[in-house]
Amino acid sequence: MSNPTLIHNTINFVKEQLQEAEGGHDWFHIQRVYNNALQIAKGEECDLVIVQLGALLHDIADSKFHGGDETVGPKVARAFLEQESLEETTINHVVNIIENISFKGGNFDQKFNSIELQIVQDADRLDAIGAIGIARTFNYGGFKNRALHNPAIEPQMNMTKEEYKNNESPTLNHFYEKLLLLKDRMNTETGKTLALGRHDYMVNFLSQFYAEWEGEK
């Protein structure tokens, strides 16, 4: 059952909270993930309100910008949802989505699963790949003052969660450590289909990047 007032209030809350956010994790990222989630949800049997809330609140306080503290986001989201007088089961479900959505090196032991989480996770991962994903990756690399590329520093595969969180390798390595892996980690059929074109775009970008790096083009 839809709840337009709740979604309206949530959108306003998220916009206010993310006014000063880094460009790859700002309101427009949330909006894109929200729209992706709505598209994916059309092909799935799910609780649409939970999908909407999960998409809108999934990055309300990303741990990358809070000293690695993964408890801030769930706490902020829970406080807001309690203020909206939602049922505890709904609140818990949304909080579980926030706590279990991240890639975290690909070795994260996900302790919760639901179709709603799968939809929001796919929606978020779609925004991490393709043209937008490339732009976000280099935006964050610039934000962290990382090198674009250093051929002497190879990507670190199969990192632990902590190694992934503390990784400071050149931006291009992130494609191999995460972005190129996401196509095969999508949950839904719609997500898998949408990921294919975006994945191919990144492969072509990398080919062009290396050619220019070597002065071949």
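The text that follows walks through the structure, step by step, so that each part is easy to find. Since the structure is predicted, the reported quantities are computational estimates derived from the model, not experimental observations. (Residues numbered from 1 in each chain as written. Predicted model: local features only at pLDDT ≥ 70, side-chain atom pairs only at ≥ 80, totals over all residues. Heavy atoms only, no water.)

### A few points about the nonpolar core
Then, in step 1: In this structure, V14, L57 and F175 are the most contacted members of the largest nonpolar core, which totals 50 residues.
Then, in step 2: Of all the elements in the fold, those that place two or more residues in this core are α1 (4–17), α2 (27–41), α3 (48–57), α4 (72–83), α5 (88–100), α6 (115–126) and α10 (189–213).
Then, in step 3: In contact with V14, other than residues within four places in its own chain, are W27, I30, L56, L57 and I60. (Core = buried A, V, L, I, M, F, W, Y, C linked by side-chain atoms within 4.5 Å. Buried < 20%, exposed > 50% of the residue type's maximum accessible area, 1.4 Å probe, protein only. Helix = DSSP H or I, 4+ residues; strand = E, 2+ residues; numbered from the N terminus. Contact = heavy atoms within 4.5 Å.)

### Remarks on the packing of α5 against α6
Then, in step 1: Put simply, α5 and α6 touch, their axes get as near as 10 Å, and they point 45° apart. Accordingly, the angle class assigned to the pair α5 and α6 is oblique. For the crossing formed where α5 meets α6, the hand is right-handed. Residue-level inspection shows H93, I97 and N100 of α5 in contact with α6, the latter providing E116, L117, V120 and Q121. (Axes fitted to C-alpha atoms, helices over the stretch in contact; angles between N-to-C directions. Parallel < 35°, antiparallel > 145°, perpendicular 65-115°, else oblique. Left-handed = near helix turned anticlockwise from the far one by under 90°.)

### Looking at the pattern of salt bridges
Then, in step 1: A complete count under the given rule lists six salt bridges for this structure.
Then, in step 2: A salt bridge links E82 to R78, with the shortest nitrogen-to-oxygen separation between them at 3.7 Å. On the criterion of helical spacing, the pair formed by E82 and R78 is a turn pair, its members being four residues apart in helix α4.
Then, in step 3: Given a relative accessible area of 23%, R78 falls into the partly exposed group.
Then, in step 4: For K192, the salt bridge identified is with E189, shortest N-O distance 3.5 Å. Pair noted here: K192 and E189 are both in helix α10, with a separation of three residues, about one helical turn. (Salt bridge = Lys/Arg side-chain N within 4 Å of Asp/Glu carboxyl O.)

### Examining unusual backbone geometry
Then, in step 1: With a phi close to 60°, S85 is a non-glycine residue in the positive phi region.
Then, in step 2: A positive phi angle, near 55°, is found at N145, a position not held by glycine.
Then, in step 3: Relative to the helices and strands, N145 is located in the loop between α7 (130–143) and α8 (161–165).
Then, in step 4: By relative accessible area, which is 70% here, N145 ends up exposed.

### Regarding α5
Then, in step 1: Between the first and last C-alpha of α5 there are 18 Å, a value that for 13 residues agrees with the 18 Å anticipated at 1.5 Å per step.
Then, in step 2: Those residues of α5 that sit buried are T90, I91, H93, V94, V95, I97, I98 and N100.
Then, in step 3: If you follow the buried residues of α5, they end up packed against α3, α4 and α6. (Expected span 1.5 Å × (residues − 1).)

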